[in-house]
Amino acid sequence: MESYVFPCEIEPDMRQIAAGEIPYMRTSEFSDIVKECERNLLALAKCQGGRAIIYTASGTGAMDAVVTNYVSAKGSAHVIVGGSFGRRWRELCRYYDIPATSTEVEFARDLDYDALDSTIAESKPAVLLCHHHETSTGQRFDLQKLSAICRRHGVSLVVDAVSSFLSEPLDMDACGIDVLVTSSQKGLNIQPGLSIVLLSAHLNDFEFAHRSYYFDFAENLRNLTRGQTPYSPATMLFLQLQERLRRLIATGGAEANIERVARRARHFRELCDKYGWERPAETPANCITGFFVRRNADRLFREMIARGYFIMPGGTPAYFRVAHLGEQTDAQLDALAAAIHEIETTDYGK
Ligand SMILES: *Cc1c(COP(=O)(O)O)cnc(C)c1O
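Computed from a predicted structure; not experimentally measured.

Undergrad: Hey, could you go over the sheet that holds strand β11 (residues 288-292) for me, with residue numbers and the actual values?
TA: In space, the 3 strands of this open sheet follow the order β11-β14-β13, with antiparallel pairing throughout. Edge positions in the sheet fall to β11 and β13 (312-313), since each has one partner strand and no second. Note that β11 and strand β14 (residues 319-323) share 5 bridges and pair antiparallel. Residue Phe292 lies in a different strand from β14, and its bridge partner there is Tyr319. Of the strands in this sheet, β11 and β14 touch helix α10 (residues 253-275), which is tilted by about 10 degrees from β11.

Written out as structure tokens, the structure is:
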């Protein structure tokens, strides 16, 4: 199978890491791996002097951790709801009884930043919960503008960058981002199973709440000081993470990776235009291309699997998404688009 979902294609030697010898985690050697991962994650996110908690959990685990430890200590939130991941922030606040107001954004539209500014001036939330890239629609929100609004009103900025990490420019310190969330199978393009919370140095003395045993920041940070996790980590995934971060840094860092992802996205978008597939995102992120096919949408997902391709169905009828992380050549993208076009134009005799 060729993968245009998360994760996308992973280099064979990177995948092989998972088949190697399993390290024991309570050793100084494993502590060194954890500390190296933390250092490199903070460097790539430009979060000087901050901390990186790496959980054995999917991305939602890190979101949950942020809400129980941070948002609940701060007391209230405003949520940007641009799709299913924005709804998840709101559901988490409701689940943990944290007062939260929200701004709904239409499918694949950008925010009205002036309206948001007024809303926040009035509701005065302690925290803004948002997404850099709303993966369900392909829409990228403007972090600079969100950051300016937060600064103007003294609101703490929390960003879910699960899918935008390393495919969009990011500078946590310059943007004043207090907390950032990402996970292994998206921006980092390794196997699913690790989720990451990056905490700005501004929070080094913050009194986090204690409402989640497994995800407790204070307990995790205490262990992290010596390069350990309180509970059994997914050791093989830490080895992949270590190697991924090393490779990223050795091949030009975040900037070079962003350019690689953006280049693939540009190529595939030209193919969408050629075949007449509407791309709804107002300011599309590099990470995925979302598009509407014109015919045979009900068959496309399974027919693509039969041809050896995983692409993502969207929640909206006839809407599909192709991710641009991982290795993909122009020729592969040409063949992918040609396969979609062929299915779209086949007469299945209904
Ligand atoms: C994938 C994703 C998540 C986390 O989803 P999991 O299924 O828990 O890994 C969170 N936010 C965004 C924007 C995502 O794309």
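Undergrad: Let's hear about the site of the ligand: which residues, and what values?
TA: Surveying the vicinity of the ligand reveals 14 residues, the closest of which are Ser58, Thr60, Thr135, Asp160 and Lys186. Between Thr60 and the ligand, the recorded distance is 2.5 Å, taken from a side-chain N or O atom to an oxygen atom. Elements that contribute at least two residues to the shell around the ligand include exactly α3 (59-74) and α4 (84-95). For the shell around the ligand, the element with the highest residue contribution is α3, accounting for 3 residues. A per-class count over the shell around the ligand returns 3 nonpolar, 8 polar and 3 charged.

Undergrad: Describe the packing of aromatic side chains, with residues and values.
TA: Scanning the entire structure with this criterion turns up 17 aromatic pairs. The interplanar angle of 25 degrees and the centroid separation of 5.0 Å between the aromatic rings of Tyr275 and Trp277 together place this pair among those described as stacked. Each member of the pair, Tyr275 as well as Trp277, is classed as buried. Three or more aromatic residues link up through ring pairs in this structure, and these residues are Tyr55, Tyr213, Tyr214, Phe215 and Tyr231.

Undergrad: An account of the nonpolar core is requested, with residue identities and associated values reported.
TA: By size, the foremost hydrophobic cluster in this structure holds 84 residues, and its most contacted members are Leu41, Trp89, Leu188, Phe217 and Leu241. Among all residues touching Leu241, those that are not within four sequence positions of it are Cys37, Leu41, Ile54, Leu188, Ile190, Leu194 and Ile196. Leu271, Met304, Tyr309 and Ile311 belong to the second-largest nonpolar core, a separate cluster that totals 20 residues.

Undergrad: So what about the sheet that holds strand β8 (residues 156-160)? Which residues, and what values?
TA: Taken in spatial order, the 7 strands of this open sheet run β2-β10-β9-β8-β5-β3-β4, and their pairing is mixed. With one partner strand each, in any of the chains shown, β2 (51-56) and β4 (100-104) form the two edges of the open sheet. Neighbour to neighbour, the strand axes of the sheet diverge by 20 degrees on average, direction disregarded. Along the sheet, helix α5 (residues 113-123) contacts β3 (77-81), β4 and β5 (127-131); its crossing angle with β3, the most-contacted strand, is approximately 155 degrees.

Undergrad: Describe the packing of α10 against helix α12 (residues 330-344), listing the residues and the values that go with them.
TA: Following both chains from N to C, one finds α10 and α12 inclined at 30 degrees, their axes separated by 10 Å at the closest point. One way to sum up the angle between α10 and α12 is to call them roughly parallel. In this structure, α10 crosses over α12, and the sense of that crossing is right-handed. Along the contact surface, α10 presents Arg263, Arg264, His267, Phe268, Leu271 and Tyr275, while α12 presents Asp330, Leu333, Asp334, Leu336, Ala337, Ala338, Ile340 and His341. In terms of residue class, the contact of α10 with α12 is built from 8 nonpolar, 2 polar and 4 charged.

Undergrad: So what's going on with the layout of surface pockets? Residues and values would help.
TA: Looking at the largest pocket, its volume works out to about 250 Å³. Looking at the largest pocket, it is lined by 15 residues, and the ones nearest its centre are Arg244, Leu248, Asn257, Arg260 and Glu327. Top element by residues in the lining of the largest pocket is α10. It accounts for 4 residues. Class assignment of the residues belonging to the lining of the largest pocket gives a composition of 4 nonpolar, 5 polar and 6 charged. Its boundaries defined by the atoms lining it, the second largest pocket holds a volume of some 190 Å³. For the second largest pocket, the full set of lining residues is His132, Arg140, Phe141, Asp142, Leu143, Gln144, Glu168, Pro169, Leu170, Asp171, Ala174 and Cys175. Counting only elements with at least two residues in the lining of the second largest pocket, the list comes to α6 (143-153) and α7 (172-175). Grouping the constituent residues of the lining of the second largest pocket by class yields 6 nonpolar, 2 polar and 4 charged.

The rules behind these values
Residues numbered from 1 in each chain as written. Predicted model: local features only at pLDDT ≥ 70, side-chain atom pairs only at ≥ 80, totals over all residues. Heavy atoms only, no water. Pairing = 2+ DSSP bridges. Helix = DSSP H or I, 4+ residues; strand = E, 2+ residues; numbered from the N terminus. Contact = heavy atoms within 4.5 Å. Axes fitted to C-alpha atoms, helices over the stretch in contact; angles between N-to-C directions. Near = heavy atom within 4 Å. Polar contact = N/O pair within 3.5 Å; in protein donor to acceptor, adjacent residues only side chain to side chain. Nonpolar A, V, L, I, M, F, W, Y, C, P; charged D, E, K, R; others polar. Phe/Tyr/Trp six-rings, centres within 6.5 Å; stacked < 30°, edge-to-face > 60°. Buried < 20%, exposed > 50% of the residue type's maximum accessible area, 1.4 Å probe, protein only. Core = buried A, V, L, I, M, F, W, Y, C linked by side-chain atoms within 4.5 Å. Parallel < 35°, antiparallel > 145°, perpendicular 65-115°, else oblique. Left-handed = near helix turned anticlockwise from the far one by under 90°. 1 Å grid on protein atoms, 1.4 Å probe; cavity = no way out; pocket = protein on both sides within 12 Å on 5 of 7 lines; lining within 4 Å. Points joined across faces, edges and corners; volume = space filled by probe spheres on them.

This is a description of form; function is not addressed.
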